[in-house]
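Secondary and tertiary structure notes
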Amino acid sequence: MIEGLVARMKAEVGRPIKVIATGGLATLFEQHTDVFDHIEDDLTIQGLAMLWDRAHIKD
């Protein structure tokens, strides 16, 4: 199912793209498919932490 979705998205884009799996359960899919170029399970929380830092660090 994931392979088909990624294949359709790549066909739509029409050029080579990187596929990154995100989320706490992303590592579960790593065992069953090789469609991902990278897995970053904490990407959302890392982004939120960066935004918090920017908002609270005084220049």
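Given the structure is predicted, the values throughout are model-derived calculations rather than measurements.

Describing the overall build of the protein
- Across its full length, the protein holds three helices and two strands.
- When the helices and strands of the protein are read in sequence order from the N terminus, they spell out α-β-α-β-α.
- For the protein, the C-alpha radius of gyration of 15 Å lies well beyond 10 Å, the compact-globule estimate for 59 residues.
- Across its three principal axes, the protein shows a C-alpha extent of roughly 45 × 25 × 15 Å.
- Evaluated residue by residue, the protein yields a buried proportion of 14% over its 59 residues.
- For the protein, the exposed surface amounts to about 5200 Å²; the carbon and sulfur share of it is 60%.

Points about the side chain of Thr33
- Mapped onto the secondary structure, Thr33 falls in the loop between helix 2 (26–30) and strand 2 (38–40).
- What makes Thr33 buried here is its relative accessible area of 14%.
- Among the polar contacts listed, one links the side chain of Thr33 to the side chain of Glu3, at a separation of 2.8 Å.

Description of a nonpolar patch on the surface
- A grouping of Leu25, Leu28 and Phe29 is seen on the molecular surface, where their side chains present a nonpolar patch of about 310 Å² in accessible area.
- Counting through the fold element by element, Phe29 comes out in helix 2.
- Judged by relative accessible area, which is 40%, Phe29 ranks as partly exposed.

Points about the environment of His38
- Topologically, His38 is positioned in strand 2.
- Among all residues touching His38, those that are not within four sequence positions of it are Val19, Ile20 and Ala21.

Concerning the nonpolar core
- Counting seven residues, the largest nonpolar core is built from Val6, Val19, Ala21, Ala26, Val35, Phe36 and Ile39.
- Look past the residues within four positions of Val6 in its chain and what remains in contact with it is Val19 and Val35.

A short note on the confidence of the model for the protein
- Scored by pLDDT, the protein has a mean of 90; 98% of the residues are at 70 or more.
- The least confident element of the protein is helix 2, whose mean pLDDT is 85; the most confident is helix 1 (residues 2–13), at 94.

Rules used throughout
Here the residue numbers are simple positions, counted from 1 along each chain's written sequence. Given that the model is predicted, a residue must reach a pLDDT of at least 70 before its local features are reported, and side-chain atom pairs must reach 80 or more before they are shown or counted; all residues, however, enter totals for whole chains, interfaces and linings. With hydrogens and water stripped out, all remaining heavy atoms of the structure feed into the side-chain values. A run of H or I in DSSP becomes a helix once it reaches four residues, and a run of E becomes a strand once it reaches two; helices and strands are each numbered from the N terminus. We take the radius of gyration over the C-alpha atoms and set the globule estimate at 2.2 Å times the residue count to the 0.38 power. Here the term buried applies to any residue with accessible area under 20% of the maximum for its type, exposed to any over 50%, and partly exposed to those in between, with areas from a 1.4 Å probe on protein chains only. Method for areas: the Shrake-Rupley scheme with a 1.4 Å probe, in which residue coverage is limited to the protein chains shown. Within 3.5 Å is the distance limit for a polar contact, defined as a pair of N or O atoms, with the added protein rule that one can donate a hydrogen and the other accept it, and that residues adjacent in sequence qualify only through two side-chain atoms. In this analysis, a patch consists of residues with relative accessible area above 30% that form no salt bridge, clustered at 9 Å for like charges and at 5 Å for the nonpolar side chains Val, Leu, Ile, Met, Phe, Trp and Tyr. Think of a salt bridge as a Lys or Arg side-chain nitrogen and an Asp or Glu carboxyl oxygen that are within 4 Å of each other. By definition, residues are in contact when any of their heavy atoms lie within 4.5 Å. Side-chain atoms within 4.5 Å are what join buried Ala, Val, Leu, Ile, Met, Phe, Trp, Tyr and Cys residues into a set we call a nonpolar core. Residue-level confidence of the predictor, termed pLDDT, takes values from 0 up to 100.

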